[in-house]
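# Structural overview
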Amino acid sequence: MPRAAWLLRPPGPVPYDAANAAMHRLAERRLAGEIPDTLILLEHPPVFTAGRRAKDDELLWDPASVQARGGIVRKIDRGGSFTFHGPGQLVGYPIIDLGTTPDAGGYLRRLEDVVIGACAELGVSVDRRAEVQTGVWHGDDKVCAIGVRLLRARVTLHGFALNCDTDLSWFAGIVACGLPDRGVTSLSELTGRAIRVEAVRPSVERAFASRFDVAFEDAPDEIVEAFTVAADVA
Amino acid sequence: MTSIQMPQLGETIVEGTILKWLKHEGDAVVRDEALFEISTDKVDTEVPSPVAGTVTKILVDEGATVPVGTIVMEVAEEGAPAVAAAPVAPAPAGAAAADAPPAPAAEPVGVVVASSIPAPAAPVSQPAHVAASVPDRGPRSQILSPLVRRLAREHSLDLGQIAGTGTGGRITKNDVLAVIASGGTTAAPAVVTATAPDLGTAEPAAPPAAAAQPIQLGVGDEAVPMTHIRRAIAEHMLASTQATARAWTLVEVNVDHLVRLRERVKDDFERKHGVKLTYLPMVVRATVDALQAFPDVNARLDGENIVRHRLVNMGIAVSYDAGLIVPVIKGADGMNTVGVARAIADLAARARAHQLTPDEVQGATFTITNPGPYGSVASVPIINQPNVGILSFDAIVKRAVVVDDAIAIRSMVNISMSWDHRVIDGELATRFLARVRQNLETWDFAEDLGL
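Cut-offs used in this document
Residues numbered from 1 in each chain as written. Chains lettered and ligands numbered in written order. Predicted model: local features only at pLDDT ≥ 70, side-chain atom pairs only at ≥ 80, totals over all residues. Helix = DSSP H or I, 4+ residues; strand = E, 2+ residues; numbered from the N terminus. Expected span 1.5 Å × (residues − 1). Buried ≥ 20, exposed ≤ 12 C-beta atoms within 10 Å, placed from the backbone. Arc of directions from axis to C-beta. Contact = placed C-beta atoms within 7 Å. pLDDT = per-residue confidence, 0-100. Nonpolar A, V, L, I, M, F, W, Y, C, P; charged D, E, K, R; others polar. Pairing = 2+ DSSP bridges. Right-handed = clockwise from strand over helix to strand, strands pointing away.

What follows deals with helix α9 (residues 337–352) of chain B. All names here are of chain B. Relative to the 22 Å expected for 16 residues at 1.5 Å per residue, α9 spans 22 Å between its end C-alpha atoms, a close match to the ideal helical length. When α9 is considered as a whole, its buried residues turn out to be Thr337, Val340, Ala341, Ala343, Ile344, Leu347, Ala348 and Ala351. Down the axis of α9, the sector holding all buried residues measures 165 degrees, keeping them to one side. Against α7 (256–273), α8 (280–293), β12 (314–316), β13 (318–320), β14 (323–325) and β15 (328–329) lie the buried residues of α9. Remark: His354 follows α9 within two positions and exhibits a positive phi of approximately 60 degrees.

With that settled, the discussion passes to unusual backbone geometry. Geometrically, the link from B:Gln385 to B:Pro386 is a cis peptide bond, its omega value of 5 degrees lying close to zero. Counting through the fold element by element, B:Pro386 comes out in the loop between β16 (366–369) and β17 (389–393). Even without a glycine there, the phi angle at A:Arg152 is positive, about 50 degrees. Here A:Arg152 shows up in the loop between β9 (141–151) and β10 (155–163). For B:Asp404, which is not glycine, the phi dihedral falls at a positive 50 degrees. Residue placement: B:Asp404 occurs in the loop between β18 (397–403) and β19 (406–420).

Residues and elements named next belong to chain B. With 79% of its residues at a pLDDT of 70 or more, chain B has an overall mean of 79. Counted against residues more than four places away or in other chains, residues 82–137, with its pLDDT under 50, gives 104 contacts. Within the model, the stretch residues 187–211 combines pLDDT values under 50 with 31 contacts to residues more than four positions away or in other chains. Model confidence for the complex is summarised by a pTM of 0.49, with the ipTM given as 0.84.

Right, let's talk about the interface of chain A and chain B for a bit. On the chain B side, the residues contacting the 19 residues of chain A number 19 residues. At the level of secondary structure, the elements contributing two or more residues to the side of chain A that touches chain B comprise α3 (104–121) and β9 of chain A. Ranked by the residues each element gives to the side of chain A that touches chain B, the list is headed by α3(A), at four residues. Here the residues of the side of chain A that touches chain B are counted per class, giving seven nonpolar, four polar and eight charged. Bridge count between β9(A) and strand β5 (residues 43–48) of chain B: three bridges; the pairing is parallel. Looking at the pairing, A:Leu150 lines up with B:Thr45 of β5(B).

Right, let's talk about helix α10 (residues 426–442) of chain B for a bit. All names here are of chain B. If you check α10, its first and last C-alpha atoms are 24 Å apart, about what 17 residues at 1.5 Å a residue would give, namely 24 Å. When α10 is considered as a whole, its buried residues turn out to be Ala429, Phe432, Leu433, Val436, Asn439 and Leu440. Here the buried residues of α10 occupy an arc of 115 degrees about the axis, which is enough to place them on one side. Opposite its buried face, α10 presents the exposed residues Gly426, Glu427 and Thr442, each directed more than 90 degrees away. Buried residues along α10 sit against β9 (246–254), α7, α8 and β19.

Take the pairing of strand β3 (residues 47–50) of chain A next. All names here are of chain A. Here β3 shows a buried face lined by Val47 and Thr49 and a second buried face lined by Phe48 and Ala50. Tracing the backbone out of β3, into helix α2 (residues 63–68) and back to the parallel element strand β4 (residues 72–75) gives a crossover that is right-handed. Relative to strand β5 (residues 82–85), β3 is paired through four bridges, and the arrangement is antiparallel. When the bridges of β5 are listed, Val47 appears paired with His85.

What follows is the structure, encoded as structure tokens:
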């Protein structure tokens, strides 16, 4: 019997700071047991985020160039190195309570499974490369970055970023994931046809529900509004 | 006093880095308040306090990377006596614990080749007073140069009594010279020369006066008549080496995730199933699967025919006071890991109590020996007739291995097989062992433990 879980699909590109803050608030509420496990699916305007292991010289563009292209840079609290979020990329933030004996490695494998399963539905063959890095790969190119933090060693924060028809030229601005000799790709590039976020999202939702054994219901409006209202303000 | 450890965030995560202490010595904390932030190769998180109280001790520097389970902080619980009143600080246990190799499988099983050698005493059971009187014994205190050993021997010094000042507690020449210069001999040699207790090496004291017939004995020699079992083992081993064309193959297996899993669930497992969880049942399961995939290994030679066994009766070499015996897990192919663990515990206990029935030591279709608990890293066993192979599962040790062109620390074990070249060829032996390795490296045994 699947557990009930919330699904949040805030419309439009959600500014990074607003989404990040709302995600952290939801995780605190999940930790307090006020809300069920939740999956947030959204897109961001262009942003480079630097995880705890990011080195300054892995941002290859100076801040002015980033800004000139309409992007921003944020240092955030997840593990890992630099990555990029932007239009055409499906970002998933699962807020999951892993319990008092969390298996973070197992959780990351499940996230990979979700993305692999969703891509398979779309006819794209991708795989994990656990010996290289967490994430989902096609050969030596990463199609989906995964970076996670646990709140109080228990509730998941951040998540996965699946390139659908992302403008991959942005990735020239960083040493993506701290791996200089690995490339980045997207579902559109892999298939040679335009695969938009809207086309991928249902597959990701199905694969997630199956792998995490949850039944989604839409989150209450006021929860979703926390993202959209904050977005308006930001 | 509550000790806070580097938390276990999953089987595959073996170490973590302290990013930042959020609480410092003397700070009050409430339950579930974040104490420090950590970073692992998979995730970052902050670690909450399991109790309310006061931080009394921080044992690791910010930025340090330590193995999971290392004690990094101590918190005095609310209402507990203030720690300042107790000037004797507990020795930091973290480093030593982290250095200890993973506990070997506890099953006492036989070293088939060396079965005539009495089981060695337990590894390094140090006299208790040593630990008590020398406060700081670093992880490298056991590493001694030949010069240090010679100086100590010449001056009858007990190195266990000397605190090393070298890297990691290593005892240097100067440390020893200082003791000699101070005129010191180290105390308590009596305890030290008394070696660890004989663990059932079990030659009954004073064998009955042997031998009316003359035996050539040199000075200090003694003659001990073979026991009935000793003679039987000798005949069996010699017959096997004479009857088989024995070859041997070894594979290295990364059992990191099994070590994590066992650490995580062993207490629950023992509580629930009443037997200790060792690695041997997992190896048996992995081997049974490989035997079913390669039935020529689960076979015997009968005249001109190779007889393949569809069922697996797994012989487990067990050492006991009288020598070596191989009780058989009948129908091992139908058992999960819990069933195998129970069967092994039962057979080993009754073997040592001399309560096995003849039926229980016959009919093995394949045999596993597990000399690992004594620290061997590779063994060449003699095939248990009429099997065509015997698998040796040696000690699990942490080793530096190359993973994706980087050096990493992994719990590794050597698994090898002596096989009869009359029936098996090298390719089959290697593919069989590769299957065992693949099973051990990729199976999620968690689902097989009935927890």
